[in-house]
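Residue-level structural notes
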Amino acid sequence: MENNRKDRKAGNGFIYSLIAVVVFAAAYYVVTGTGVLNPNERTISSAMSAYKLYSEGEKKNTVVLFFGDAVSGGYRPVKAEIYSSKLPVNRIKQTLLLLTAGPSAADCRQFLPEGTALKEAYLDPNNILYVDLSTEFASNCRGGTTSEYYAVYSIVNTVMLNFPAVRGVRILVDGAEKKSLAGHIMLESILKPDTDSGDVNI
Amino acid sequence: MKTNNMLLAALLLLPASLFAAQSTIPPVTDLQTTAGVVVVIDPAHGGGDRGVNVKGINEKDITLKAAKYLKAGMEKAGKDVTVILTRNADTTVSPEDRVGRANNHRADIYISIHCDYSVNESDSGFRLCYYGGEKIFGGKPQQAVEWSTVPLYHLDESVKLAGFVERYLTATLIPESNSVDGGDKNDTLPLGKRSPLALAHLSLAGTDMPAVVIELGNMNNRDDMNYLRDDRMLSRIMYHIKEGLVRYLKEGL
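Anyway, here's the lowdown on the structure attached to this text. No experiment lies behind these values; they were computed from the predicted model shown.

So, about the overall build of chain A. If you tally the helices and strands in chain A, you get five helices and six strands. Each helix (α) and strand (β) of chain A, taken in turn from the N terminus, gives the series α-α-β-β-α-β-β-β-α-α-β. Among the 202 residues that make up chain A, the fraction classed as buried is 48%. Considering only intrachain contacts with a sequence separation of at least 6, the fraction spanning at least 24 residues in chain A is 61%. Working note: accessible area of chain A is about 10,200 Å², and carbon and sulfur atoms make up 54% of it.

Right, here's the structure in full:
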């Protein structure tokens, strides 16, 4: 009788442990999305809320995203709205999610290689922003100076011209430093915005 | 009165006709120096790194062919000219080894030849790039810096070199007598021109001399791709570039 009760207790304990592990794993997946926010698989708003990038009721701010112009080949600044989260890095993440999602207008081009997703973004104490992107950012890059240039600086310009407190951008691919995407633009340095082009002012 | 009007018209047209005559540029010849000239030409990519690939055509093959045309042209420009290719065949060479070779030979100029890719198919034409540090440092380095940023010390000369190449790629030239077009026709390239870029380019990192990247055209643009696949056209493009380089060297040495 006593042994049966002990066996039942042990069995319940195992089931509770199993449920706890499953719940923890599910929560971890929801919170981190296993590290990748893929705009093709989720809506931007669900991705943002999964990451708790804003709270309901927060005001909205306008940001400018640097996409490509199908006619000129240069930048096409496009306005978008984000929530005014208290943490600056959350505002930056919202902006980068919108950038990785791509433009909706037919005459705009996405400079980022197909499938590029934001894995993480964080600010160091010197206000250098580390942007960690999925492997597609490098693996789907077709090469060529121009395509690499605009892929990199559409990110740098979007961040630094919307968030002046950011002093520079480091780009990581799948959590690691990379010399370049395909042998052209150096990624190992802290990058500043491309102010040479006439269409980068916002 | 009528005669006076005709004289006035003739006077007004004279500068225009002179300009027209000047816009056709004869070949630059006889590059002679006391110390000799070393030119390093870098055919980008190679070996396992095919560069841009469009419909089975690899950037690495076009850049090697173009570099060989340029080498042959430069060697004919003067007896004191030494031309070195960073690769002679379809081999893998690291960017550091390419630039290291140029620095070891104390090259006077470094030309890295690429073919571009732009996501925009309507984007067409050549493009010059030089190492610009402002996007990294906010200006020129003031003292000893890391190896990759050495080209910033040659920024002004690199810009000047890019300017010469750009000028000759857009100019109407009188071809050399032994060129592919026979030398009796004026030669204007159908290539468009895209704005130059100042950037931290891996092909230029560490170059301790005036250095530029020449993007010959956009492989995602149908017209540019047809030019780059055509050996005669590629030869003509490299002739224009050679003329620009020789003119730069003649004026600078």
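This part takes up the sheet that holds strand S5 (residues 81–85) of chain B. Residues and elements named next belong to chain B. If you trace the six strands from one edge of the open sheet to the other, you get S5-S2-S6-S10-S7-S9, paired in mixed fashion. What marks the edges here is a single partner per strand, and that holds for S5 and strand S9 (197–199). Direction aside, the axes of adjacent strands within the sheet are offset by 25° on average. As judged from the six bridges shared by strand S6 (residues 109–116) and strand S10 (residues 211–218), these two strands associate in the parallel manner. Bridging across to S10, Asp116 finds its partner in Asn218.

So, on to the packing of helix H5 (residues 155–170) of chain B against helix H7 (residues 231–252) of chain B. Packed helices, taken two at a time, are described by the angle between their axes plus the distance between the axes. All names here are of chain B. Remark: H5 packs on H7, axes separated minimally by 8 Å, with the N-to-C direction vectors making an angle of 135°. As the angle between them shows, H5 and H7 are arranged oblique. Between H5 and H7 lies a crossing whose hand is right-handed. Contacts from Glu157, Lys160, Leu161, Phe164, Val165, Tyr168 and Leu169 of H5 reach H7 at Ile237, His240, Ile241, Glu243, Gly244, Leu245, Arg247, Tyr248 and Glu251. Among the residues forming the contact of H5 with H7, the class breakdown is nine nonpolar, two polar and five charged.

Attention shifts here to the sheet that holds strand S2 (residues 75–83) of chain A. Residue and element names in this part refer to chain A. If you walk across this open sheet you meet the three strands as S2-S1-S3, and the pairing is antiparallel. Unpaired on one side and paired on the other, S2 and strand S3 (108–109) mark the two borders of the sheet. As defined by bridge partners, strand S1 (residues 60–69) adjoins S3 across two bridges and the pair is classed as antiparallel. Residue pairing for S3: Asp69 is matched across the bridge by Cys108.

Contacts between the two partners involve 32 residues from chain B and, on the opposite side, 30 residues from chain A. Buried surface at the junction of chain B and chain A, both sides included, amounts to about 2,300 Å², of which 52% is carbon and sulfur. Here chain B is connected to chain A by two salt bridges. The salt bridge involving Lys179 of chain A is made with Glu96 of chain B; its shortest N-O contact spans 2.8 Å. For the pair chain B and chain A, the interface holds 19 residue pairs in polar contact (both at pLDDT 80 or more). Elements that contribute at least two residues to the side of chain B that touches chain A include exactly strand S3 (53–54), S6, strand S7 (127–131), helix H4 (134–137) and S9 of chain B. Its residues placed into classes, the side of chain B that touches chain A shows 14 nonpolar, nine polar and nine charged.

It is worth spelling out a nonpolar patch on the surface at this point. All names here are of chain A. Taken together, the side chains of Phe14, Ile15, Tyr16, Leu18, Ile19 and Val22 present a nonpolar region at the surface, about 660 Å² in accessible area. Relative to the elements of secondary structure, Ile19 occurs in helix H1 (residues 2–32). Here Ile19 falls in the partly exposed class, since its relative accessible area comes to 48%.

All names here are of chain A. For helix H3 (residues 88–101), which comprises 14 residues, the first-to-last C-alpha distance of 20 Å matches the rise-based estimate of 20 Å (1.5 Å per residue) to within 8%. The buried fraction of H3 amounts to eleven of the 14 residues, a majority that puts the element mostly inside the structure. Those residues of H3 lying buried are Val89, Asn90, Ile92, Lys93, Gln94, Thr95, Leu96, Leu97, Leu98, Leu99 and Thr100. Two residues or fewer after H3 comes Gly102, characterised by a positive phi angle close to 90°.

Now for the nonpolar core. Residue and element names in this part refer to chain A. By size, the foremost hydrophobic cluster in this structure holds 62 residues, and its most contacted members are Leu96, Leu129, Phe137, Val152 and Ile171. Among the elements that make up this core, the one with the highest residue count is helix H5 (residues 145–162) (nine residues). If sequence neighbours within four positions are ignored, Leu129 has contacts with Val89, Ile92, Leu96, Ala121, Tyr122, Leu123, Val159, Val166, Gly168, Val169 and Arg170.

Reading guide: rules and limits
Residues numbered from 1 in each chain as written. Chains lettered and ligands numbered in written order. Predicted model: local features only at pLDDT ≥ 70, side-chain atom pairs only at ≥ 80, totals over all residues. Heavy atoms only, no water. Helix = DSSP H or I, 4+ residues; strand = E, 2+ residues; numbered from the N terminus. Buried < 20%, exposed > 50% of the residue type's maximum accessible area, 1.4 Å probe, protein only. Contact = heavy atoms within 4.5 Å. Areas by Shrake-Rupley, 256 points an atom, 1.4 Å probe, with all protein chains shown as cover. Pairing = 2+ DSSP bridges. Axes fitted to C-alpha atoms, helices over the stretch in contact; angles between N-to-C directions. Parallel < 35°, antiparallel > 145°, perpendicular 65-115°, else oblique. Left-handed = near helix turned anticlockwise from the far one by under 90°. Nonpolar A, V, L, I, M, F, W, Y, C, P; charged D, E, K, R; others polar. Buried area = accessible area lost by both parts, 1.4 Å probe. Salt bridge = Lys/Arg side-chain N within 4 Å of Asp/Glu carboxyl O. Polar contact = N/O pair within 3.5 Å; in protein donor to acceptor, adjacent residues only side chain to side chain. Patch = residues over 30% accessible without salt bridge, like charges linked within 9 Å, V, L, I, M, F, W, Y side chains within 5 Å. Expected span 1.5 Å × (residues − 1). Core = buried A, V, L, I, M, F, W, Y, C linked by side-chain atoms within 4.5 Å.

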